[in-house]
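Structural overview
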Amino acid sequence: MTAIRMDGRAVADQIKAELKVRVDALREQGVTVGLGTVLVGDDPASQIYVNGKHSDCEQVGIESFRVDLTADATPEQVERSIRVLNDSTMCTGYIVQLPLPSHIDPTWVLELIDPDKDADGLTADNLGRLVLGQPGPVPCTPRGIVELLRRYEIPLDGADVCVIGRGTTVGRPLGLLLTARENNATVTLCHTGTRDLAEHTRRADIVIGAAGRPGLITASMIKPGAVVVDVGVTRVNGKPVGDATDDVWDVASHVTPNPGGIGPMTRAMLLANVVDRAEALAVLQ
Ligand SMILES: Nc1nc(=O)c2c([nH]1)NC[C@@H]1CN(c3ccc(C(=O)N[C@@H](CCC(=O)O)C(=O)O)cc3)C=[N+]21
């Protein structure tokens, strides 16, 4: 256990304190910041996450609105809830908690979200902005990963980063963010079709696991002194477990605990996206 622990919980608390100053300044200007959540169904993990988002808002002074629909809600009911949030002047940004029940197509739902209120940065417009290098909300987990690395002064410019996972919420946008000019990293994006994963991870200065497969990343796959960011969340007997085994702490220079690493950073970046958006609107007033 020689690696430095990158404490996402502590950094998220600091970021929330910084956001509170910005929210207070907006309130002075007469601008209220409001986050909406839409939750469909009663998945216990999703309920924990949504509860967490509302308590984060309260800490920072952001108004929050909650729309909870039952698991058997029709697509029309989901659509109606989204239209209400699109039209609400109190709500400056919102999220639809994923995963949705199987009878509701997440792609269809995401495209109903007003891109200007997309606090997750997951609509086609906003992912397109990320591809084009244009300003806009960035998906919360990738933004949280880059922010945590920055605050621990891990150099990204020219670094070899191996990202494991190509999902729409983490791996794919993370590759875009890390290769954006302002970060300037070189990214290898690995996935289930990668022939020899260890060959790629061993070359990397930073390995980021976002596969959701416990035990996937072991010490022998890590270059001595490299940085390990463990994003995976798999529930084993109800407890969240990451993708990396504990022996990576003996080889790496820095490791994110999981839980206590990227999860809290993801939540902090959701708030940051909402505050960014409210500030952009305040300038236009
Ligand atoms: N529209 C949407 N946006 C999301 O951002 C989103 C989503 N849907 N669906 C699910 C995933 C997952 N996710 C997490 C957020 C916080 C923690 C978190 O704070 N975890 C704590 C542990 C909490 C626990 O015990 O589970 C930690 O890592 O310390 C984890 C996972 C956001 N997601």
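Residues numbered from 1 in each chain as written. Predicted model: local features only at pLDDT ≥ 70, side-chain atom pairs only at ≥ 80, totals over all residues. Heavy atoms only, no water.

The test is simple: UniProt positions are given in the numbering used here, feature names are shortened, and annotations may be inferred rather than shown by experiment.
An unreviewed UniProt entry annotates the protein as Bifunctional protein FolD originating from Propionibacterium ruminifibrarum. Comment text from UniProt for the protein, heading Function (unreviewed entry), reads "Catalyzes the oxidation of 5,10-methylenetetrahydrofolate to 5,10-methenyltetrahydrofolate and then the hydrolysis of 5,10-methenyltetrahydrofolate to 10-formyltetrahydrofolate." UniProt, in the comment section headed Subunit (unreviewed entry), describes the protein in these words: "Homodimer."

Topic: the side chain of threonine 194
Selection criterion: Helix and strand assignments follow DSSP, with helices taken as H or I runs no shorter than four residues and strands as E runs no shorter than two, numbered in order from the N terminus. Any residue under 20% of the maximum accessible area for its type is buried, any over 50% is exposed, and the rest in between are partly exposed; the area is computed with a 1.4 Å probe on protein chains only. Here a polar contact is recorded for every N or O atom pair within 3.5 Å, except that within protein the pair must consist of a potential hydrogen donor and a potential acceptor, and residues adjacent in sequence are included only if both atoms are side-chain atoms.
As for its position among the elements, threonine 194 is in the loop between β6 (186–190) and α8 (197–201). Look at threonine 194 and you get buried, because its relative accessible area is 19%. A polar contact of 2.8 Å, which involves the side chain of threonine 194, links it to the backbone nitrogen of histidine 191.

Digging into the sheet that holds strand β3 (residues 63–69)
Strand pairing in a sheet relies on backbone hydrogen bonds. The paired strands run either parallel or antiparallel. Spelled out, the test is: Two strands make a pair as long as DSSP finds a minimum of two bridges between them. Each axis is a line fitted through C-alpha atoms, taken for helices only over the stretch in contact, and angles between the N-to-C directions span 0 to 180 degrees.
Taken together, three strands build an open sheet; the order of strands is β3-β2-β4 and the sheet is parallel. Each edge of the open sheet is held by one strand with a lone partner, namely β3 and β4 (93–96). Ignoring strand direction, the axes of neighbouring strands in this sheet form an average angle of 15°. Where strand β2 (residues 34–40) and β4 come together, four bridges link them in parallel fashion. Across the sheet, the residue bridging to threonine 37 is isoleucine 95, located in β4.

A closer look at the site of the ligand
The condition is simple: What makes a residue near a molecule or strand is one non-hydrogen atom of that residue sitting within 4 Å of it. Residue-level accessible areas treat just the shown protein chains as cover; the underlying method is Shrake-Rupley with a 1.4 Å probe. Buriedness of a pocket was judged along seven lines, with at least five required to meet protein on both sides within 12 Å; pockets are open sets of points on a 1 Å grid over the protein atoms alone, cavities are sets where a 1.4 Å probe fits but cannot get out, and lining residues have an atom within 4 Å of a point. For this analysis, a molecule is said to be in a pocket or cavity if more than half of its atoms are within 2 Å of the grid points defining it.
In the vicinity of the ligand, 15 residues are found, and the nearest of them are Val96, Leu98, Asp120, Arg235 and Gly260. In this structure, glutamine 97 approaches the ligand through a side-chain N or O atom, which is 3.0 Å from a nitrogen atom. Within the side chain of aspartate 120, a nitrogen or oxygen atom sits 2.6 Å from a nitrogen atom of the ligand. With the chains in place, 80% of the 670 Å² that the ligand exposes on its own is no longer accessible. For the ligand, the cavity whose grid points lie within 2 Å of the majority of its atoms is the largest pocket.

Structural notes on the UniProt feature "domain: Tetrahydrofolate dehydrogenase/cyclohydrolase NAD(P)-binding" (unreviewed entry) in the protein
What UniProt calls "domain: Tetrahydrofolate dehydrogenase/cyclohydrolase NAD(P)-binding" (unreviewed entry) maps, in this numbering, to residues 139–279. Span residues 139–279 is 31% helix and 18% strand, its end C-alpha atoms 18 Å apart.

Side note on the nonpolar core
Operational definition: The nonpolar core is taken to be a set of buried Ala, Val, Leu, Ile, Met, Phe, Trp, Tyr and Cys residues, with the residues joined through side-chain atoms within 4.5 Å.
By size, the foremost hydrophobic cluster in this structure holds 49 residues, and its most contacted members are Ile62, Ile145, Leu149, Leu178, Ile206, Ile208 and Val229. The leading source of residues in this core is helix α9 (residues 262–284), at 11 residues. By size, the runner-up hydrophobic cluster in this structure holds 19 residues, among which are Ala3, Leu197, Ile217 and Ile222.

Observations concerning the pattern of salt bridges
Condition: Salt bridges are defined as contacts in which a side-chain nitrogen from Lys or Arg sits within 4 Å of a carboxyl oxygen from Asp or Glu.
Scanning the model with the defined rule gives 14 salt bridges in all. Across the salt bridge formed by aspartate 13 and lysine 16, the nearest N and O atoms sit 3.9 Å from each other. Of the two residues, aspartate 13 and lysine 16 both sit in helix α1 (residues 8–28), three residues apart, roughly one turn of that helix. Judged by its relative accessible area of 43%, aspartate 13 is partly exposed. For lysine 16, a relative accessible area of 10% corresponds to the buried category. A salt bridge links arginine 66 to aspartate 68, with the shortest nitrogen-to-oxygen separation between them at 3.0 Å. By sharing partners, the salt bridges in this structure join Asp13, Lys16, Asp56 and Arg267 into a single network.

Some words on the domain arrangement of the protein
Keep this limit in mind: Domain segmentation is taken from an automatic or database assignment of domains. Contact between two residues is taken to exist if any of their heavy atoms lie within 4.5 Å; hydrogens are not considered. Using a 1.4 Å probe, buried area is obtained as the accessible area two parts lose upon being combined, added over both of them.
Segmentation of the protein into domains returns domain 1 (16–116) and domain 2 (140–263). Relative to domain 2, the C-alpha centre of domain 1 lies at a distance of 27 Å. At the junction of the two partners, domain 1 supplies four residues and domain 2 supplies four residues. A buried area of about 280 Å², summed over both sides, lies between domain 1 and domain 2, and 40% of it is on carbon and sulfur atoms.

Some points on the packing of helix α2 (residues 44–60) against α9
Heads up, the rule is: Should an angle lie under 35 degrees it is considered roughly parallel, over 145 roughly antiparallel, and from 65 to 115 roughly perpendicular; all remaining angles are considered oblique. We call a crossing left-handed when the near helix sits turned anticlockwise from the far one by less than a right angle, and right-handed when that turn is clockwise.
Contact pair α2 / α9: the axes reach a minimum separation of 10 Å and the direction vectors enclose 55°. By the angle class used here, α2 and α9 are oblique. Relative to α9, the crossing made by α2 is right-handed. Here Gly52, Lys53, Ser55, Asp56, Cys57 and Val60 of α2 lie close against α9, whose contacting residues are Arg267, Leu270 and Leu271.

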